[in-house]
Amino acid sequence: MAQSAAPATSSSAVPAITPISLKTIAPWAVFFGVLMLVLLYFVGAEQGATSLLSGSGVHEWVHDGRHLLGFPCH
């Protein structure tokens, strides 16, 4: 058995990991932060006096998630 089953690798074959700049991440972080706040509003507060939409459609869609996250709704 003179042959090796594993291929030979050189020490410079590992690619360098370049860091991602804050300027690249910041717009995405703000976008997802606002998206999470809107989602939190609809799950936690979209009913009653603070309701932005009329009717109970949003309440019915997020009802189980509201209970799962510990928000009281009735």
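To start, this report covers the structure provided alongside it. (Residues numbered from 1 in each chain as written. Predicted model: local features only at pLDDT ≥ 70, side-chain atom pairs only at ≥ 80, totals over all residues. Heavy atoms only, no water.)

## Details of the overall build of the protein
- From N to C terminus, the protein includes three helices and zero strands.
- In sequence order, the protein lays out its α and β elements as α-α-α.
- When burial is assessed residue by residue, the protein has 9% of its 74 residues classed as buried.
- The contacts in the protein between residues at least 6 apart in sequence include a share of 22% that link residues at least 24 apart.
- Summed over its atoms, the accessible surface of the protein is roughly 6,600 Å², and 71% of this surface lies on carbon and sulfur atoms. (Helix = DSSP H or I, 4+ residues; strand = E, 2+ residues; numbered from the N terminus. Buried < 20%, exposed > 50% of the residue type's maximum accessible area, 1.4 Å probe, protein only. Contact = heavy atoms within 4.5 Å. Areas by Shrake-Rupley, 256 points an atom, 1.4 Å probe, with all protein chains shown as cover.)

## Focus: the packing of aromatic side chains
- This structure, assessed with the given rule, holds three aromatic pairs.
- Aromatic side chains Trp28 and Phe31 sit 6.3 Å apart centroid to centroid with 90° between the ring planes, which places their arrangement in the edge-to-face category. In this pair, Trp28 and Phe31 both sit in helix H1 (residues 22-44), three residues apart, roughly one turn of the helix.
- On the accessibility criterion, Trp28 (56% relative accessible area) is exposed. (Phe/Tyr/Trp six-rings, centres within 6.5 Å; stacked < 30°, edge-to-face > 60°.)

## Comments concerning the environment of Leu40
- With respect to the element layout, Leu40 can be found in helix H1.
- Among the residues examined, Leu40 registers a relative accessible area of 45% and is labelled partly exposed.
- Spatially, the C-alpha atoms of Leu40 and Arg66 are 9.5 Å apart, while their sequence positions differ by 26 residues.

## Focus on a nonpolar patch on the surface
- On the surface, Trp28, Phe31, Phe32, Leu35, Met36 and Leu39 cluster together into a nonpolar patch covering about 650 Å² of accessible area.
- A residue is classified by how much of its surface remains accessible, and Phe32, at 42% relative accessible area, is partly exposed. (Patch = residues over 30% accessible without salt bridge, like charges linked within 9 Å, V, L, I, M, F, W, Y side chains within 5 Å. Salt bridge = Lys/Arg side-chain N within 4 Å of Asp/Glu carboxyl O.)

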